[in-house]
Amino acid sequence: QGIQLQGGGTAGGLGLDEEFLESALLYSYIPFGFFGLETDEKNTLTVAPNLPQKLTYFTIENMMFHNVKYDLTVGNNFADFSAVRGNIKDLNVKVKLKKPGNFFSVYINDKKTDSFTEKDGYIYVTVPFGNNRIMVR
């Protein structure tokens, strides 16, 4: 009788992608939990930073959205897309940031803008996908 091996029956397999799926939870929590990455609109990547209080920023490199690679740094009041490479035609980014109080300004690439919406204590800014820095202060 043959012995059933872990790891999908591959000799030397550790079962990290078959039997023990919870091993991958940490890797999914960073982009989905801390960065708030999701795609609920067609061709639009949503970023909603949610960092622990003591963490001022977090960077993740070599992410991919619609075959476009990019690096992303977030803080609780900003999202900075850099090293964007690939075809960005028709792609957008929506950034959701906590409203810091009654008096604030929104900046896209260090230029003050009125192109944003407010809803339920959050600021929403949508821009074409590219090397952009969106900040609320």
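Our subject in this report is the structure included herewith. None of the values given here were measured: they were computed from a predicted structure. (Residues numbered from 1 in each chain as written. Predicted model: local features only at pLDDT ≥ 70, side-chain atom pairs only at ≥ 80, totals over all residues. Heavy atoms only, no water.)

### Some points on helix α1 (residues 25-34)
Stage number 1. Regarding α1, the residues found buried are P31, G33 and F34.
Stage number 2. Buried residues along α1 sit against β3 (58-65) and β4 (68-75). (Buried < 20%, exposed > 50% of the residue type's maximum accessible area, 1.4 Å probe, protein only. Helix = DSSP H or I, 4+ residues; strand = E, 2+ residues; numbered from the N terminus. Contact = heavy atoms within 4.5 Å.)

### Some thoughts on the sheet that holds strand β8 (residues 111-113)
Stage number 1. Here six strands make up an open sheet; going across it, the order is β3-β4-β5-β11-β7-β8 and the pairing antiparallel. A single partner strand is all that each edge strand has here, and the edge strands are β3 and β8. Between one strand and the next, the sheet's axes are offset by a mean angle of 25°, whatever the strand orientation.
Stage number 2. Looking at chain direction, β3 and β4 are connected through six bridges and run antiparallel. Note that in β4 the partner of M64 across the bridge is K69. (Pairing = 2+ DSSP bridges. Axes fitted to C-alpha atoms, helices over the stretch in contact; angles between N-to-C directions.)

### What about the side chain of D71?
Stage number 1. Relative to the elements of secondary structure, D71 occurs in strand β4.
Stage number 2. Of the polar contacts made by the side chain of D71, one reaches the backbone nitrogen of N62; its length is 2.9 Å.
Stage number 3. In this view, D71 contacts I60, E61, N62, D80, F81, S82, A83 and R85; residues no more than four positions away in its chain are not counted. (Polar contact = N/O pair within 3.5 Å; in protein donor to acceptor, adjacent residues only side chain to side chain.)

### Re the sheet that holds strand β2 (residues 44-47)
Stage number 1. Spatially, β1-β2-β6-β10-β9 is the arrangement adopted by the five strands of the open sheet, whose pairing is mixed. Each edge of the open sheet is held by one strand with a lone partner, namely β1 (38-41) and β9 (117-119). When the angles between neighbouring strand axes are averaged without regard to direction, this sheet yields 30°.
Stage number 2. Inspection of the sheet shows β1 paired to β2 by two bridges, in the antiparallel sense. Directly across from E41, in β2, lies its bridge partner T44.

### A closer look at the pattern of salt bridges
Stage number 1. Across all of its chains, the model carries four salt bridges by this definition.
Stage number 2. Residue D80 is joined to R133 by a salt bridge in which the shortest nitrogen-to-oxygen separation is 3.3 Å. Of this pair, D80 sits in strand β5 (residues 78-85) while R133 sits in strand β11 (residues 133-136); the two residues are 53 residues apart in sequence, bridging distant segments of the chain.
Stage number 3. One salt bridge in this structure joins E118 and K99, with 2.9 Å as the shortest N-O distance. Taken together, the positions of E118 in strand β9 and K99 in the loop between β6 (92-98) and β7 (106-108) put the pair 19 residues apart, joining distant regions of the chain.
Stage number 4. Of the residues examined, E118 reaches a relative accessible area of 45% and is grouped as partly exposed.
Stage number 5. The exposure class of K99 is partly exposed, given its relative accessible area of 31%. (Salt bridge = Lys/Arg side-chain N within 4 Å of Asp/Glu carboxyl O.)

### Re the environment of K89
Stage number 1. With respect to the element layout, K89 can be found in the loop between β5 and β6.
Stage number 2. Residues K89 and F129 lie 40 residues apart in sequence; the distance between their C-alpha atoms is 8.1 Å.

### With respect to the packing of aromatic side chains
Stage number 1. Inspection of the entire model under this criterion finds eight aromatic pairs.
Stage number 2. With 5.7 Å between their ring centres and 45° between their planes, Y70 and F81 make a pair best called tilted. Here F81 lies in strand β5 and Y70 lies in strand β4, a separation of 11 residues in the sequence. Taken individually, Y70 and F81 each receive the classification buried, so the pair is uniform in this respect. (Phe/Tyr/Trp six-rings, centres within 6.5 Å; stacked < 30°, edge-to-face > 60°.)

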